[in-house]
Amino acid sequence: MSKGKIVGFIHSGITVKNLEEALEFYIDTLGLELLSTQVASSDYIFDIVEIPGLKEIKIAFVQIPGGHVFEILEYVGVDTYPGNARSCDYGTGHICLRVANLDELFIELKSKGVTFKSKKVAVITAGANKGAKAVYMLDPDGYIIELMEKGS
């Protein structure tokens, strides 16, 4: 009998207040590709999440260029609350998207009303990503998204 082990990565996900608003941001503003949507209300989903009173979960799967699948979930029928965590608080997460021409994208997204934690594009001067550029921005629910342009 073989031991269980981790053999790969399937997807990452975040919970949002309103799936339609989140998709407008991730698809229309950031240009990611919508793969599928579904409404989960089967018994198995309730067994996985164990949230009393949950009616359903609205789910969308989004493709990030390069192959990563990103799951966006809206829980329906229960009270939900914002995380409002700082990037330094444990339990907080972020995704990092690789971009081309971060300086121009930063200006474009700011003009579209996207909120940034970073006041400017930072040049990474040490460590594994030395020579890259990066910023932190927020999605409509306050989830942190790092945009990074790899150095040469």
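Remember, it's a predicted structure, so these values are computed and weren't measured experimentally. (Residues numbered from 1 in each chain as written. Predicted model: local features only at pLDDT ≥ 70, side-chain atom pairs only at ≥ 80, totals over all residues. Heavy atoms only, no water.)

A. Quick look at helix α1 (residues 19–29). Those residues of α1 that fall on the buried side of the exposure criterion are Leu19, Ala22, Leu23, Phe25 and Tyr26. Here the buried residues of α1 occupy an arc of 160° about the axis, which is enough to place them on one side. More than 90 degrees from the buried face of α1, the exposed residues found are Glu21, Glu24 and Asp28. Looking at the buried residues of α1, the elements they touch are β1 (12–15), β2 (33–40), β3 (56–64), β4 (68–76), β8 (133–138) and β9 (144–149). Capping the start of α1 is the job of one residue whose side-chain oxygen sits 3.0 Å from the backbone nitrogen of Glu20: Asn18. (Buried < 20%, exposed > 50% of the residue type's maximum accessible area, 1.4 Å probe, protein only. Helix = DSSP H or I, 4+ residues; strand = E, 2+ residues; numbered from the N terminus. Arc of directions from axis to C-beta. Contact = heavy atoms within 4.5 Å. Polar contact = N/O pair within 3.5 Å; in protein donor to acceptor, adjacent residues only side chain to side chain.)

B. Focus on the sheet that holds β2. If you walk across this open sheet you meet the 4 strands as β1-β4-β3-β2, and the pairing is mixed. With one partner strand each, in any of the chains shown, β1 and β2 form the two edges of the open sheet. Each strand of the sheet is rotated relative to its neighbour by a mean of 20°, with strand direction disregarded. Bridge analysis of β1 against β4 gives 4 bridges, and the strand direction is parallel. Paired with Ser12 across the bridge in β4 is Phe70. (Pairing = 2+ DSSP bridges. Axes fitted to C-alpha atoms, helices over the stretch in contact; angles between N-to-C directions.)

C. Structural view of the packing of aromatic side chains. One pass over the full model with this rule turns up 3 aromatic pairs. With 5.0 Å between their ring centres and 90° between their planes, Phe25 and Tyr26 make a pair best called edge-to-face. Measuring from centroid to centroid gives 4.6 Å for Phe106 and Phe116, while their planes differ by 75°, and the two rings are edge-to-face. Pair noted here: Phe106 is in helix α3 (residues 102–111) and Phe116 is in strand β6 (residues 115–116), with a separation of 10 residues, a long-range link. Both residues of the pair, Phe106 and Phe116, belong to the buried class. An aromatic cluster is defined as three or more aromatic residues linked by ring pairs; in this entry it consists of Phe25, Tyr26 and Phe70. (Phe/Tyr/Trp six-rings, centres within 6.5 Å; stacked < 30°, edge-to-face > 60°.)

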